[in-house]
Amino acid sequence: MLALRKVAPRPGVAIENVDAPEMPSRGEVLVQVAAVGICGTDLHIDDWADGFHAMASALPVTLGHEFCGRVHAVGEGVTAFKAGDRVVVQPAIGCGKCAPCQAGARHDCLNRSAIGMHRAGGFAKYVSAPADYCIAMPPGMSDLHGALVEPLTTGAQAVKIGEVKEGDRVTVFGPGPIGQGAAAMARLAGAAEVHVVGYRDGPRFATLRKMGFDSFTDLADDDGEATLRKVARGGFDVAIDASGAPSVINTGLSVLKPYGVFVIASMPDHEAPLDVMLLVRGRTQLRGCSRAPDWAWADAIEALSKNPALFAPMVTHELALEEGLEGFRLMRSREASKVILRPNAS
Ligand SMILES: [Zn+2]
Ligand SMILES: [Zn+2]
């Protein structure tokens, strides 16, 4: 079968022929992949960014960690699923042995590994996954929405960590798929206003417009910062960063209300300067958000299955696996919001 893989510890990915997995091993299920999203993380792996060098010992490895599909076969000991069941897969696998795993917080595992990074992922027709990390898809959820669950968990988690409530004014930095998800989850949590901030992000603002949002600032515009300050007026209750741009931290703090909360839900690629006086004077709080726990998965699945039309515009491109490299290009250029590959379409 074809698979989109990271082959060597240097920049680049390749589509290659690999053996399809055999019968799943004990406790695992073999999933026939229906839809798999290309993530910003996949682009960093393609670039061979510093944070991903720990993957080197797993190479070559098939990428793809945002996917859903149909159970094709189950391994020994699996009783929760049978062939034909539709599932989304949680890609971060706990070791089962460390203190957080033993305490039931497997998302906090100290030795976790990831499907699509340290073991074969979903950019292929078939992938094996532990049954314990499969979640049954609600009836009626489309495959495209199934592939949006994993990226939406970040927004679901950020909105809870930020304690967004009815009537809040919320701003989201970064209009990509993670920011789009955070904006949608903020609205579903009752935010009265959701303002999204980007940088040369016309196509992604267009997606947000289709989702029903209409308040944006592009910081690349000459008067970008001034516009944002004008929109902020008395300040936002909650800011969520999904931009990966360290420079937005001080900007975000400066547009919060006193006692406002800034949730950082993206990984900046270099150290971020922090104006501590802004934080102290504003009595604001900075909160980190990563490694979505099971409750964020439940929130994301519920939001997607109850509001399919809200999230549908996020998928701007659907491609065959063979077109995967074009999908990477579309994500990298930010022409696309979410690119979904369909390994079993042909
Ligand atoms: Zn991802
Ligand atoms: Zn563990």
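Residues numbered from 1 in each chain as written. Chains lettered and ligands numbered in written order. Predicted model: local features only at pLDDT ≥ 70, side-chain atom pairs only at ≥ 80, totals over all residues. Heavy atoms only, no water.

The chain goes by L-threonine 3-dehydrogenase in an unreviewed UniProt entry, where it is assigned to Terricaulis silvestris. The Sequence similarities (unreviewed entry) field of the UniProt record for the chain holds the comment "Belongs to the zinc-containing alcohol dehydrogenase family." Quoted verbatim from the Cofactor (unreviewed entry) heading of the UniProt record, the comment on the chain is "Zn(2+)". (UniProt positions renumbered as here; feature names shortened; annotations may be inferred.)

**Focus on the coordination of the zinc ion (ligand 2)**
Within the protein, the atoms that donate to the zinc ion (ligand 2) are Cys-95 (SG), Cys-98 (SG), Cys-101 (SG) and Cys-109 (SG), at distances of 2.3 to 2.4 Å. For the zinc ion (ligand 2), the 4 donor atoms in the first shell make angles of 104 to 122° at the metal, a pattern classed as tetrahedral. Look at where the donors of the zinc ion (ligand 2) fall in the sequence and you get C-x2-C-x2-C-x7-C. A relative accessible area of 27% places Cys-95 in the partly exposed class. (Donors = N, O, S within 2.8 Å, 3.2 Å for Na, K, Ca; no water. Tetrahedral: all angles 85-135°; square planar, octahedral: opposite > 155°, others 65-115°. Buried < 20%, exposed > 50% of the residue type's maximum accessible area, 1.4 Å probe, protein only.)

**Topic: the packing of helix α3 (residues 143–161) against helix α4 (residues 177–188)**
The interhelical angle for the contact between α3 and α4, taken along N-to-C directions, is 45°, at an axis separation of 8 Å. Viewed along their axes, α3 and α4 adopt a mutual orientation that is oblique. Along this stretch, α3 crosses α4, giving a crossing that reads as right-handed. Contact residues: α3 offers Pro-151, Leu-152, Thr-154, Gly-155, Ala-156 and Val-159, while α4 offers Ile-178, Gly-181, Ala-182, Met-185 and Ala-186. Residue classes in the contact of α3 with α4 are distributed as 8 nonpolar, 3 polar and no charged. (Axes fitted to C-alpha atoms, helices over the stretch in contact; angles between N-to-C directions. Helix = DSSP H or I, 4+ residues; strand = E, 2+ residues; numbered from the N terminus. Parallel < 35°, antiparallel > 145°, perpendicular 65-115°, else oblique. Left-handed = near helix turned anticlockwise from the far one by under 90°. Contact = heavy atoms within 4.5 Å. Nonpolar A, V, L, I, M, F, W, Y, C, P; charged D, E, K, R; others polar.)

**What to know about the nonpolar core**
When a protein is soluble and globular, its nonpolar side chains tend to lie buried together. Counting 48 residues, the largest nonpolar core has Ile-240 and Phe-311 as the members making the most contacts within it. Among the elements that make up this core, the one with the highest residue count is α3 (8 residues). Each of domain 1 (2–137 + 307–342) and domain 2 (154–288) accounts for three or more of the residues forming this core. (Core = buried A, V, L, I, M, F, W, Y, C linked by side-chain atoms within 4.5 Å. Domains from an automatic or database assignment.)

**Structural notes on the environment of Asp-47**
Take Asp-47: it is sitting in helix α1 (residues 40–47). Apart from residues no more than four positions distant in its own chain, Asp-47 is found in contact with Pro-11 and Arg-332. Here Arg-332 takes part through its side chain, which lies 3.0 Å from a polar atom of the side chain of Asp-47. (Polar contact = N/O pair within 3.5 Å; in protein donor to acceptor, adjacent residues only side chain to side chain.)

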